[in-house]
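Summary of structural features
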Amino acid sequence: MTKETLHFINGEFVRSASGKTFENRSPIDNKLIAKVHEAGRAEVDAAVRAAKDALNGPWGRMTVEERSKMLYAVADEITARFDEFLAAEVADTGKPVSLASHIDIPRGAANFKVFADTVKNVATEFFQMPTPDGAGALNYAVRVPKGVVAVICPWNLPLLLMTWKVGPALACGNTVVVKPSEETPTTAALLGEVMNKVGVPPGVYNVVHGFGPDSAGEFLTTHDDVDAITFTGETRTGAAIMKAAAPGIKATSMELGGKNPAIVFADADMNVALEATVRSVFANCGQVCLGTERVYVERPIFDEFVRRLGDAAKAMKPGRPEEKDTKIGPLISHEHRDKVLSYYKKAKDEGATVVAGGGVPRMAGELAEGSWIEPTVWTGLPETSAVVREEIFGPCCHVTPFDTEEEAIRLANDTKYGLAAAVHTTNLARAHRVGAKLEVGICWINSWFLRDLRTPFGGTKQSGIGREGGVHSLEFYTELRNVCIKL
Ligand code: NAD
């Protein structure tokens, strides 16, 4: 029998009143995973109402300590059901088990603990002021939850990126309505079972499934009773959501696309730079917002670096997620593969040198139906090429040589995006100098994807608005209310 994925509203799993469903298919072999119920206005209304009511129920009366304890229990329950979450995430995304078991699920659980700790330990400000009568006044700030938070998520790291928002939102006392990506609905629904198991009151965590325009995404982001919207996804979608939020003057947090550069200086440790660049270009089949799509290499080491990067790309074995030697999974869908392949074609048309890949691998048997793609490395394109300027979100990069530090910085910054960068050098002064000049939210030196969850995370330019992580998440998920007491 075909599995069904249901909404989770007010503590219960429910079907769509309309009976409307859409298919969730495996990127591995295009087999049907489940029929997913698509929310109409009725389901979104019900979810938002449940979230609003829950603010005034037991959840709203809990102390920070009680809430934090509950979030620890959520994290522990995810860990207890690790294999189930892992299987669901791997089925939806097709990513290797080695990756999901190392990153997606553990980080999905950790996000609850980190923010449970953060809210307990952050002080607010206090000011003493003089008054004409000499008695003075005291000001102190209290943090209150924003209210009902809409959480709109992408498909590349479904549980991890969703809990990165739900964790702090709940830690701060908000309630949430989550709209997971239509490609990856399963772990968000599974989390509903966890919430019930550990006693999170009904209505605190809700999930509605569907698409963006004229579907759950639009109904949720335009809903009058949603107080704030936190979004991770494409820049273009972020702009549409900001428009939807404008009439209601709703707070928005935007984590958007990128076209991230890596700069490799001739003084870099070649092995370190290669290892990090191979990961940053090809991890998760290139579907990481922080991933590298532009590599700038200082001319004396250009040829060797390109050759070794190309060899690494050719050596990445595609395969089933559970096989130990699988190094790369498929793209999320055939639709996304068509988009990535259109850039592969553009690169060839514009005269790129294809160092590795450039097409679709031949997969045997059932796998031939999956959305597989070859890891690809190009050189020789001008910086004006669409391949070098636009976010592709696939396992590919273009490598350009440079001659001076100033030139490398200029090339890296010549983009409308500003999410992440990586710099490889053994020159300490240069590392500091270049790191400070790159117009990004996060810059790695001699590494990639090393994340301390207490640090600010977000994009500059068209890569986003706002910072999440540690105390910075509290800025978005709470309102600061000043109390002024005349003595
Ligand atoms: P997407 O923008 O297509 O979709 C994201 C979510 O928005 C989905 O749930 C989708 O259904 C919903 N949506 C689409 N249109 C909507 C609308 N009009 N109103 C409301 N909701 C709508 O993004 P994607 O393809 O799922 O994810 C890939 C993108 O996400 C890439 O651009 C990547 O760079 C970006 N991303 C950014 C970060 C970051 O932290 N900056 C992290 C991961 C991914």
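Throughout, residues of each chain are indexed from 1 in the direction in which the sequence is written. Whole-chain, interface and lining totals are the exception, using all residues; otherwise, since this is a predicted model, local features are given only for residues with pLDDT of at least 70 and side-chain atom pairs are given and counted only at 80 or more. Derived side-chain values reflect all non-hydrogen atoms in the structure, with water molecules and hydrogen atoms excluded from consideration.

Further remarks concern the pairing of strand E7 (residues 137–145). Where strand E6 (residues 126–129) lies against E7, four bridges are found, and the strand directions are antiparallel. Looking at the pairing, Gln128 lines up with Leu138 of E7. The criterion for strand pairing is that DSSP finds at least two bridges linking the strands in question. Only runs of H or I of at least four residues qualify as helices and only runs of E of at least two qualify as strands under DSSP, and these elements are numbered from the N terminus. Pairing of E7 with strand E23 (residues 478–486), which is carried by nine bridges, proceeds in the antiparallel orientation. For Val144, the partnering residue across the bridge sits in E23 and is Glu479.

Once that is clear, we can look at the domain arrangement of the protein chain. Taken domain by domain, the protein chain comprises domain 1 (4–256 + 463–486) and domain 2 (260–452). For domain 1 and domain 2, the distance between their C-alpha centres works out to 31 Å. What counts as buried area is the accessible surface, traced by a 1.4 Å probe, that two parts surrender upon association, with contributions from both included. When the buried surface of domain 1 facing domain 2 is broken down by residue, Ile28, Trp155 and Ser463 rank first, second and third, together holding 26% of it. Here, a salt bridge means any Lys or Arg side-chain nitrogen found within 4 Å of an Asp or Glu carboxyl oxygen. In this structure, the connection of domain 1 to domain 2 is made through one salt bridge. With a shortest N-O distance of 2.8 Å, Glu366 and Lys31 are connected by a salt bridge. For this analysis, a polar contact is any N or O atom pair within 3.5 Å, provided that within protein one partner can donate a hydrogen and the other can accept it, and provided that sequence-adjacent residues contribute only side-chain to side-chain pairs. Counting across the interface, domain 1 meets domain 2 through ten residue pairs in polar contact (both at pLDDT 80 or more). Elements that contribute at least two residues to the side of domain 1 that touches domain 2 include exactly helix H4 (82–93) and helix H5 (97–121). For the domain bounds, the source is a domain assignment made automatically or taken from a database.

Given a rise of 1.5 Å per residue, 16 residues ought to cover 22 Å, and the 22 Å separating the end C-alpha atoms of helix H12 (residues 334–349) matches this to within 8%. Contact between two residues is taken to exist if any of their heavy atoms lie within 4.5 Å; hydrogens are not considered. Turning to H12, the residues buried within the fold contact strand E16 (376–379), helix H13 (386–389) and strand E17 (396–402). Just beyond H12, the residue with positive phi is Gly351, at close to 90°. Given the number of residues in a helix, its expected span is that number minus one, multiplied by 1.5 Å.

Attention now moves to unusual backbone geometry. Unusually for a residue other than glycine, Asn446 sits at a positive phi of about 55°. For Asn446, the location among the structural elements is in the loop between strand E20 (442–445) and strand E21 (460–461). The phi torsion at Phe449 lies on the positive side, around 70°, for a residue other than glycine. Residue placement: Phe449 occurs in the loop between E20 and E21.

This brings us to the sheet that holds strand E4 (residues 21–25). Taken in spatial order, the three strands make up an open sheet running E1-E5-E4, and their pairing is mixed. At either end of the open sheet lies a strand with only one pairing partner, and these are strand E1 (3–5) and E4. Across the sheet, the mean angle from the axis of one strand to that of its neighbour is 35°, orientation sign disregarded. Taken together, the five bridges between E4 and strand E5 (residues 32–37) define a ladder with antiparallel strand orientation. The residue of E5 that forms the bridge with Arg25 is Leu32. All axes here are fitted lines through C-alpha atoms, helices being fitted over the stretch that makes contact, and every angle between N-to-C directions spans 0 to 180 degrees.

The subject of this paragraph is the side chain of Glu405. Assignment of secondary structure puts Glu405 in helix H14 (residues 405–413). Overall, the relative accessible area of 9% leaves Glu405 in the buried class. Not counting chain neighbours up to four residues away, the residues in contact with Glu405 comprise Phe265, Arg430, Arg433 and Val434. Throughout, exposure labels follow a simple rule: accessible area from a 1.4 Å probe, protein chains only, divided by the maximum for the residue type, with under 20% read as buried, over 50% as exposed, and the rest as partly exposed.

Residues are classed as near a molecule or strand on a simple rule: at least one heavy atom within 4 Å of it. Taken together, 29 residues lie near the ligand, and Lys179, Glu182, Thr237, Leu256 and Glu391 sit nearest. Residue Gly233 places a main-chain N or O atom 3.4 Å away from an oxygen atom belonging to the ligand. Taking Glu234, its main chain carries an N or O atom lying 2.9 Å from an oxygen atom of the ligand. Using the Shrake-Rupley algorithm and a 1.4 Å probe, accessible areas are obtained, with residue cover drawn only from the displayed protein chains. For the ligand, whose accessible area on its own is 850 Å², the fraction buried by protein is 91%. Points on a 1 Å grid over protein atoms alone make up a cavity when a 1.4 Å probe fits among them but cannot get out, and a pocket when they form an open set with protein on both sides within 12 Å along at least five of seven lines; lining residues each have an atom within 4 Å of a point. Those molecules having more than half of their atoms within 2 Å of a cavity or pocket grid point set are described as sitting in that cavity or pocket. A majority-of-atoms criterion places the ligand in the largest pocket. Gly falls in the polar group here, along with every residue not listed as nonpolar (Ala, Val, Leu, Ile, Met, Phe, Trp, Tyr, Cys, Pro) or charged (Asp, Glu, Lys, Arg). Residues of the shell around the ligand, tallied by class, amount to 15 nonpolar, eight polar and six charged. Two domains share the shell around the ligand, each providing at least three of its residues, namely domain 1 (4–256 + 463–486) and domain 2 (260–452).

Before going further, it helps to examine the packing of helix H10 (residues 270–282) against helix H11 (residues 299–315). It is the contact of H10 with H11, at a shortest axis distance of 10 Å, that shows an interaxial angle of 50°. Compared by their axis directions, H10 and H11 come out oblique. Judged by the twist between their axes, the crossing of H10 over H11 is right-handed. In this structure, H10 uses Met270, Asn271, Ala273, Leu274, Thr277, Val278 and Phe282 to contact H11, whose residues at the interface are Ile301, Glu304, Phe305, Arg308, Leu309, Ala312 and Ala313. Here the residues of the contact of H10 with H11 sort into ten nonpolar, two polar and two charged. For classification purposes, angles smaller than 35 degrees are called roughly parallel, those larger than 145 roughly antiparallel, those between 65 and 115 roughly perpendicular, and all remaining angles oblique. Should the near helix be turned counterclockwise from the far one by less than a right angle, the crossing is left-handed, whereas a clockwise turn marks it as right-handed.

With that settled, the discussion passes to the side chain of Thr478. Within the secondary structure, Thr478 is located in strand E23. For Thr478, a relative accessible area of 5% corresponds to the buried category.

With respect to the helices and strands, Lys437 occurs in helix H15 (residues 428–437). You can call Lys437 partly exposed: its relative accessible area is 46%. Distance from Lys437 to Ala412, taken between C-alpha atoms, is 9.9 Å for residues 25 residues apart in sequence. Aside from chain neighbours lying at most four places away, what touches Lys437 is Ile409 and Asn413.

Two rings from Phe, Tyr or Trp (for Trp, the six-membered ring) form a pair when their centres are within 6.5 Å of each other. A pair whose planes differ by under 30 degrees is stacked, one over 60 is edge-to-face, and the rest are tilted. This model, assessed by the stated rule, comprises eleven aromatic pairs. Between Trp155 and Phe393, the aromatic rings sit 5.5 Å apart at their centres with planes inclined by 70°, giving edge-to-face as the arrangement. Residue Trp155 is found in the loop between strand E8 (148–152) and helix H6 (158–171), and its partner Phe393 is found in the loop between H13 and E17; the two are separated by 238 residues along the sequence. The same class applies to Trp155 and to Phe393, which are both buried. We count a charge as sitting over a ring when the NZ of a lysine or the CZ of an arginine lies within 6 Å of the ring centre and within 35 degrees of the ring normal. Seen from the ring of Phe476, Lys146 lies directly overhead, with NZ or CZ sitting 4.8 Å from the centre.

Size it by volume and the largest pocket reaches roughly 1000 Å³. What lines the largest pocket is a set of 37 residues, and nearest its centre among them are Trp155, Glu182, Phe231, Glu234 and Thr237. Those elements that place two or more of their residues in the lining of the largest pocket are helix H8 (216–221), strand E11 (228–232), helix H9 (235–245) and H12. No other element matches the five residues that H9 contributes to the lining of the largest pocket. Taken together, the residues of the lining of the largest pocket break down into 15 nonpolar, twelve polar and ten charged. There are two domains that each give the lining of the largest pocket at least three residues, and those are domain 1 (4–256 + 463–486) and domain 2 (260–452). Grid points are joined across faces, edges and corners, and a volume is the space filled by probe spheres set on the points. The calculated volume of the second largest pocket comes to roughly 490 Å³. As for the second largest pocket, its lining consists of 21 residues, of which Leu99, Arg279, Ala283, Asn284 and Lys327 are closest to the centre. Looking at the lining of the second largest pocket, the elements that each hand over two or more residues are H5 and H10. Per-element accounting of the lining of the second largest pocket gives the leading share, five residues, to H5. Taken together, the residues of the lining of the second largest pocket sort by class into 13 nonpolar, four polar and four charged. Two domains each donate at least three residues to the lining of the second largest pocket, and these are domain 1 (4–256 + 463–486) and domain 2 (260–452).

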